[in-house]
Amino acid sequence: MSTQKSQQDLWKQQVGEAAAQLIDEGMVVGLGTGTTANYLVLALGERVRQGLHIIGAVSSSQATMDLAASLNIPLTDLDHHPVLDIYIDGADEIDPQLQLIKGAGGALVREKIVASSAKHFVVIADPSKLVKQLGHIFPLPVEVTPLAKTPVKLHLEALGANVTLRVRNGETFITDNKNNILDCTFPQGITDPVTLDAKIQSIVGVVETGLFLNMAEKVLIGGPEGVKVLHR
Ligand code: 5RP
């Protein structure tokens, strides 16, 4: 592991631990997915071990649910608790308006559903996730019904995207919802995320996009000077 990587990891841990302090007694909490969110879950597990009582946690992926269960964090779901007090998750890219690309881990649909069910959506990240414009570092993931993956790919190409079907370990990637992901890059970046999202959402067979627009209330960034808070 390189020095840079371990430093980045320390910042993820720092911000995950800071975000765990936002969780109060009696809350229903949404837990995100990814390496930064894992630090949040670990820190929440420690708080629960020390006596914090939350009503329950809704996880945005099976992986997070398994980690939370292993730490004895009480679990619930949106059928039992359709309104969450807070949802905390990582992101792949964050622009100055706090518009996000998420979904590198493939959990974008559940993440967007859980985020939309929360009174407050807080993003946690290290400084590498801050960008001037979306779409220059991470591809935009689009989750599709498997039957529609090829026609949807053509529609996305017509919108100017270079499109790749996500593959992991030599196999077509299957999401927790049994769908596929088309990763889209845009040569000029994403100049108008709201219009692009509306166009992609209108394609039949698209389940969801990784554009999380006007959703994040604030962003916590771990870094060399401690945790900074960015507001929308
Ligand atoms: C998963 C996500 C993650 O939040 C995003 O990929 C950030 O992950 P990490 O904290 O590992 O950098 O959207 O679908």
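Residues numbered from 1 in each chain as written. Predicted model: local features only at pLDDT ≥ 70, side-chain atom pairs only at ≥ 80, totals over all residues. Heavy atoms only, no water.

Engineer: Is there a simple way to explain the pairing of strand β7 (residues 140-144) in this structure?
Structural biologist: Counting buried residues along β7, 5 of its 5 residues qualify, which places the element largely inside the surrounding structure. Side chains of β7 alternate between two faces, with Leu140, Val142 and Val144 and Pro141 and Glu143 buried alike. Here 5 bridges tie β7 to strand β11 (residues 180-185), and the two strands are oriented antiparallel to one another. Looking across to β11, one finds that Val144 is bridged to Asn180. (Buried < 20%, exposed > 50% of the residue type's maximum accessible area, 1.4 Å probe, protein only. Helix = DSSP H or I, 4+ residues; strand = E, 2+ residues; numbered from the N terminus. Pairing = 2+ DSSP bridges.)

Engineer: Got a minute to help me understand the site of the ligand in this structure?
Structural biologist: Within the structure, the ligand sits among 17 residues, and Thr35, Thr36, Asp92, Gly103 and Lys129 are positioned closest to it. Between the ligand and the protein, one listed contact pairs an oxygen atom with a side-chain N or O atom of Lys129 at 2.6 Å. Considered on its own, the ligand offers 380 Å² of accessible surface; in the complex 91% of this is hidden by protein. When each cavity is represented as a set of grid points, the ligand is found to reside in the largest pocket. Each residue belonging to the shell around the ligand can be placed in one class, and the counts come to 3 nonpolar, 8 polar and 6 charged. (Near = heavy atom within 4 Å. Polar contact = N/O pair within 3.5 Å; in protein donor to acceptor, adjacent residues only side chain to side chain. Areas by Shrake-Rupley, 256 points an atom, 1.4 Å probe, with all protein chains shown as cover. 1 Å grid on protein atoms, 1.4 Å probe; cavity = no way out; pocket = protein on both sides within 12 Å on 5 of 7 lines; lining within 4 Å. Sits in = over half its atoms within 2 Å of the grid points. Nonpolar A, V, L, I, M, F, W, Y, C, P; charged D, E, K, R; others polar.)

Engineer: Any chance you could explain unusual backbone geometry here in plain terms?
Structural biologist: Where the residue is not glycine, phi is negative for most of them; where a peptide bond is considered, it is trans in most cases. The backbone of Asn169 sits at a positive phi, close to 50°, despite the residue not being glycine. Tracing the backbone shows Asn169 in the loop between β9 (167-168) and β10 (171-172). With relative accessibility at 80%, the residue Asn169 sits in the exposed group. Non-glycine residue Lys178 carries a positive phi angle of around 65°. We classify Lys178 as exposed; its relative accessible area is 63%.

Engineer: Got a minute to help me understand the packing of aromatic side chains in this structure?
Structural biologist: Aromatic rings considered in pairs are described by the distance between their centres and by the relative angle of their planes. Counted under the stated rule, the structure contains 2 aromatic pairs. With a centroid separation of 5.4 Å and 35° between ring planes, the pair formed by Tyr87 and Phe121 is classed as tilted. Highlighted residues: Tyr87 in strand β3 (residues 86-89) and Phe121 in strand β6 (residues 121-125), separated in sequence by 34 residues. Residue Phe121 is classed as buried on the basis of its relative accessible area of 2%. Arranged with centres 6.5 Å apart and planes meeting at 50°, the rings of Phe121 and Phe212 form a pair that is tilted. Taken together, the residues span a long stretch of sequence, with Phe121 in strand β6 and Phe212 in strand β13 (residues 211-212) at a distance of 91 residues. (Phe/Tyr/Trp six-rings, centres within 6.5 Å; stacked < 30°, edge-to-face > 60°.)

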